[in-house]
Amino acid sequence: MTDASVKLDQVAFGYAETRVLFDVAVQPGVIAAIMGPSGAGKTTLLNLVAGFEKPESGRILIDGKDVSELAPSERPVSMVFQENNLFAHLNVEKNVGLGRSPSLHLTDSDRAIIRDALAQTGLTGKEKRLPSELSGGERQRVALARALVRDRPVLLLDEPFASLGPALRDDMLDLLAKLHAEKGMTLLFVTHQPEDARRIAEFMIFIEEGKVAATGPIDDFFGNGAPEAFRRYIGADESANLARKRT
Ligand SMILES: Nc1ncnc2c1ncn2[C@@H]1O[C@H](COP(=O)(O)OP(=O)(O)OP(=O)(O)O)[C@@H](O)[C@H]1O
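Starting from 1, residues in each chain are numbered consecutively following that chain's sequence as written. This being a predicted model, a pLDDT of at least 70 is required before a residue's local features are given, and a value of 80 or more before pairs of side-chain atoms are given or counted; all residues contribute to the totals for chains, interfaces and linings. Hydrogen atoms and water are omitted, and side-chain values are computed over all heavy atoms in the structure.

- Under an unreviewed UniProt entry, the name given to the chain is Thiamine ABC transporter ATP-binding protein, and the source organism is Mesorhizobium denitrificans.
- UniProt positions are given in the numbering used here, feature names are shortened, and annotations may be inferred rather than shown by experiment. Among the UniProt annotations of the chain, the heading Sequence similarities (unreviewed entry) holds the following wording: "Belongs to the ABC transporter superfamily."

1. Considerations on the overall build of the chain
Next, step 1: When its secondary structure is counted, the chain shows 8 helices and 10 strands.
Next, step 2: Put simply, the radius of gyration uses C-alpha atoms, and a globule should come to 2.2 Å times the residue count raised to 0.38. On C-alpha atoms alone, the chain measures out to a radius of gyration of 18 Å, which is about the 18 Å that the 2.2 N^0.38 rule sets for 247 residues.
Next, step 3: Summarising its shape, the C-alpha atoms of the chain cover approximately 55 × 40 × 35 Å along the three principal directions.
Next, step 4: When a residue's accessible area, from a 1.4 Å probe over protein chains only, is under 20% of the maximum for its type it is buried; when over 50% it is exposed; and in between it is partly exposed. Within the chain, the fraction of its 247 residues that count as buried is 50%.
Next, step 5: Excluding contacts between residues fewer than 6 apart, the proportion of contacts in the chain whose partners are at least 24 apart in sequence is 67%.
Next, step 6: With the model as given, the accessible surface of the chain reaches about 11,500 Å², and the carbon-plus-sulfur share is 47%.
Next, step 7: Of the side chains in the chain, 30 bear a positive and 35 a negative charge, and the two mean positions are spaced by 3 Å. Helix and strand definitions here come from DSSP, where helices need a minimum of 4 consecutive H or I residues and strands a minimum of 2 consecutive E residues; each element is numbered from the N-terminal end. Whether two residues are in contact is decided by their heavy atoms, any of which lying within 4.5 Å being enough. Per-residue and other accessible areas were derived by the Shrake-Rupley procedure at a 1.4 Å probe size, with only the shown protein chains allowed to occlude residues. His is not counted, nor are the chain ends, whereas Lys and Arg count as positive and Asp and Glu as negative. Working definition for charges: the position is that of NZ of Lys, CZ of Arg, CG of Asp or CD of Glu.

2. Points about the site of the ligand
Next, step 1: With respect to spatial proximity, the complete set of residues near the ligand consists of Tyr15, Thr18, Pro37, Ser38, Gly39, Ala40, Gly41, Lys42, Thr43, Thr44, Glu159 and His192.
Next, step 2: A 3.5 Å cut-off defines polar contacts: any pair of N or O atoms within that distance qualifies, except that in protein one atom must be a possible hydrogen donor and the other a possible acceptor, and neighbouring residues in sequence count only when both atoms are side-chain atoms. Between an oxygen atom of the ligand and a main-chain N or O atom of glycine 39, the distance comes to 2.8 Å.
Next, step 3: In this structure, an oxygen atom belonging to the ligand sits 2.5 Å away from a side-chain N or O atom of threonine 44.
Next, step 4: Taking 640 Å² as the accessible area of the ligand by itself, protein coverage stands at 59%.
Next, step 5: Looking at the shell around the ligand residue by residue, the class counts come to 3 nonpolar, 7 polar and 2 charged. Consider each residue's heavy atoms; a residue with any of them within 4 Å of a molecule or strand counts as near. Amino acids are sorted into nonpolar (Ala, Val, Leu, Ile, Met, Phe, Trp, Tyr, Cys and Pro), charged (Asp, Glu, Lys and Arg) and polar (every other residue, Gly among them).

3. Some remarks on unusual backbone geometry
Next, step 1: With phi around 55 degrees, aspartate 63 is a residue other than glycine that occupies positive phi space.
Next, step 2: Tracing the chain through its elements places aspartate 63 in the loop between strand S4 (57-62) and strand S5 (65-66).
Next, step 3: Residue aspartate 63 is classed as partly exposed on the basis of its relative accessible area of 33%.
Next, step 4: In the Ramachandran plot, asparagine 84 falls in the positive-phi region, its phi being about 55 degrees despite a non-glycine side chain.
Next, step 5: Along the polypeptide, asparagine 84 turns up in the loop between strand S6 (77-80) and helix H2 (92-97).

4. Here we look at the nonpolar core
Next, step 1: What we call a nonpolar core is a set of buried Ala, Val, Leu, Ile, Met, Phe, Trp, Tyr and Cys residues that are connected through their side-chain atoms within 4.5 Å. Membership of the largest hydrophobic core comes to 44 residues, with the highest contact counts inside it found for Leu144 and Met204.
Next, step 2: With 7 residues, the top contributor of residues to this core is helix H4 (residues 136-150).
Next, step 3: For this core, the domains that each give at least three residues are domain 1 (27-40 + 49-75 + 153-246) and domain 2 (86-151).
Next, step 4: If near-sequence neighbours (up to four positions away) are discounted, leucine 144 is found in contact with Val80, Thr121, Leu155, Leu157, Phe161, Met172, Leu175, Leu176 and Leu179.
Next, step 5: Within the second largest apolar cluster, 29 residues are counted, among which are Val6, Leu8, Phe22 and Ala50. Throughout the structure description, domain borders are defined by an automatic or database domain assignment.

5. Here we look at helix H5 (residues 166-183)
Next, step 1: Here H5 contains 18 residues, and its C-alpha end-to-end distance of 25 Å stays within 8% of the 26 Å for a straight helix at 1.5 Å per residue.
Next, step 2: Arg169, Met172, Leu173, Leu175, Leu176, Leu179 and His180 are the residues of H5 that are buried. The buried residues of H5 all sit within an arc of 160 degrees when viewed along its axis, so they share a single face. Opposite the buried face of H5, by more than 90 degrees, sit the exposed residues Ala167 and Ala181.
Next, step 3: Residues of H5 that are buried sit in contact with strand S3 (31-35), helix H3 (108-120), H4, strand S7 (154-158), strand S8 (186-190) and helix H6 (194-200).
Next, step 4: Taken from the residues just after H5, glycine 184 is the one with a positive phi, measuring 70 degrees. How far a helix is expected to stretch is found by multiplying one less than its residue total by 1.5 Å. As used here, the arc belongs to the directions running from the helix axis to the C-beta atoms.

6. Concerning the domain arrangement of the chain
Next, step 1: When its domains are assigned, the chain resolves into domain 1 (27-40 + 49-75 + 153-246) and domain 2 (86-151).
Next, step 2: Here domain 1 and domain 2 have C-alpha centroids that lie 25 Å from each other.
Next, step 3: The partner domain 2 presents 10 residues to the 16 residues of domain 1 that form the contact.
Next, step 4: Here domain 1 and domain 2 share an interface that buries about 1,100 Å² over both sides, 66% of which is from carbon and sulfur atoms.
Next, step 5: Interface area lost by domain 1 to domain 2 is led by Met172, Leu179 and Lys183, which between them contribute 37%.
Next, step 6: Salt bridge criterion: a side-chain nitrogen from Lys or Arg within 4 Å of a carboxyl oxygen from Asp or Glu. Our count for the domain 1 to domain 2 interface comes out at 0 salt bridges.
Next, step 7: In this assembly, domain 1 and domain 2 are joined by 3 residue pairs in polar contact (both at pLDDT 80 or more).
Next, step 8: Elements with a contribution of two residues or more to the side of domain 1 that touches domain 2: S7 and H5. Once two parts are brought into contact, the accessible area they lose, counted with a 1.4 Å probe and summed over both, makes up the buried area.

Okay, here's the thing in structure tokens:
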């Protein structure tokens, strides 16, 4: 299984003062951007898919199977966060190795898979470094490499490059697009940057106040016909600017 559909079927959930209700589906192998104002519920959506939060009602289906009752480790999902993905006392190789075996009992074939993932993410030669000896971009590459060796069909990314500068962010987006082309996993990725969404995503999920306010092909969000709520969110000027850049 290299990819899988992700469906939130009338998923209701709440924290003390916040309610969300998500009803949305992402087709297998698609890169979907999740955008929306701060506090809208983007991370909550990923946490529900990953299993860090459980729906009060509704179902989460991955590849058509109901995973709502499964623990995070049992779900066919990997997640990369904005930061703090790595264990500070473990070197790069071991941080990636955790994706194969939580106790780091690695077979020869595990080691070969880890070597490949380090090569794919441009980390060859840095295997013995600790996270503190890496740049921010390199640390996120290690987190991506760990997700790759887990080989799950769904990859969730919560603003993974938000703390990086624009040039490095572009490099990381290119890397993500390359890995997606090779592996074909389904990718849900939260970003505040409209350019990042346009650069690699095919599908948009726009969230406002705990609900999916608009979805559709990414191009539909960057032209004159863009949904009103999305235009308001990114600002009319920027919307016009991005529409111009398309041509
Ligand atoms: N553990 C928690 N306990 C209580 N409320 C929470 C908790 N986590 C999130 N919330 C609240 O739920 C709402 C949605 O939060 P969430 O992190 O999903 O938003 P977001 O869209 O990812 O925001 P941002 O863009 O700022 O990261 C917010 O109002 C937040 O304050």
